[in-house]
Amino acid sequence: MQRASEIKVSSGEAIIFTCRDGAVRSGMACVLSYLIEKLENCVCLTVPLVVCSVKSARPGAFPTVEQYKDVYQMLETALLYLHNVE
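Here's what I pulled together on the structure shown here.

What counts and how
Note that residues are indexed from 1 along each chain, following the sequence as it is written. Per-residue local features of the predicted model are confined to residues with pLDDT of at least 70, and side-chain atom pairs are confined, for both listing and counting, to 80 or more; whole-chain, interface and lining totals are unaffected and use all residues. Side-chain numbers come from the whole structure's heavy atoms, not from hydrogens or water. Only runs of H or I of at least four residues qualify as helices and only runs of E of at least two qualify as strands under DSSP, and these elements are numbered from the N terminus. Multiplying 1.5 Å by the helix residue count minus one yields the expected span of that helix. Between buried and exposed lies partly exposed: a residue is buried under 20% and exposed over 50% of the maximum accessible area for its type, with that area taken using a 1.4 Å probe on protein chains only. It only takes one pair of heavy atoms within 4.5 Å for two residues to be counted as in contact. Every axis corresponds to a line fitted to the C-alpha atoms, with the helix fit spanning only the stretch in contact, and the corresponding angles, defined between N-to-C directions, vary from 0 to 180 degrees. Reported orientations rely on four angle classes, namely roughly parallel under 35 degrees, roughly antiparallel over 145, roughly perpendicular from 65 to 115, and oblique for the rest. Rotating anticlockwise by less than a right angle from the far helix to the near helix defines a left-handed crossing, while the corresponding clockwise rotation defines a right-handed one. Only Asp, Glu, Lys and Arg are considered charged in this grouping, and only Ala, Val, Leu, Ile, Met, Phe, Trp, Tyr, Cys and Pro are considered nonpolar; every other residue, Gly among them, is considered polar.

For helix α2 (residues 24-40), with 17 residues, the first-to-last C-alpha span of 24 Å sits near the 24 Å given by 1.5 Å per residue. Of the positions making up α2, those classed as buried are Ser26, Gly27, Met28, Val31, Leu32, Leu35, Ile36 and Leu39. A positive backbone phi angle near 55 degrees is found at cysteine 42, which sits one or two residues after α2.

Another point: the side chain of glutamine 67. Position of glutamine 67 relative to the elements: it lies in helix α4 (residues 65-85). Discounting residues that sit within four places of it in the chain, glutamine 67 has contacts with Val24, Met28 and Phe62.

Following both chains from N to C, one finds α2 and helix α3 (residues 47-57) inclined at 135 degrees, their axes separated by 10 Å at the closest point. As summarised for this structure, α2 and α3 are arranged oblique, according to the angle between their axes. Seen along the crossing, α2 lies across α3 with a hand that is right-handed. Between α2 and α3, the contacting residues are Gly27, Val31, Tyr34 and Leu35 on the first element and Val47, Val50, Val51 and Val54 on the second. The residue inventory of the contact of α2 with α3, partitioned by class, reads 7 nonpolar, 1 polar and no charged.

Let's shift gears to unusual backbone geometry. The phi angle at phenylalanine 62 is positive, at roughly 55 degrees, despite the residue not being glycine. On the basis of relative accessible area, phenylalanine 62 is assigned to the buried category, the value being 3%.

Written out as structure tokens, the structure is:
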């Protein structure tokens, strides 16, 4: 997470997440990236809505409940990290 946050993207540039099937791992990375960005900016967020948005583009993303659990655990870690950095 720390290394990903150090990547500087100029206006108009994008980061592309890919994985073997184009959905499972890259979908998780996209969701986490978006949610952590919102956490850093103190924006209210809803995990299921963000996941649904990704699933609408990639139906194979988040095939198990375990992935939802992983997202919440990683967000908790991100919150602790952000709290300690500030």
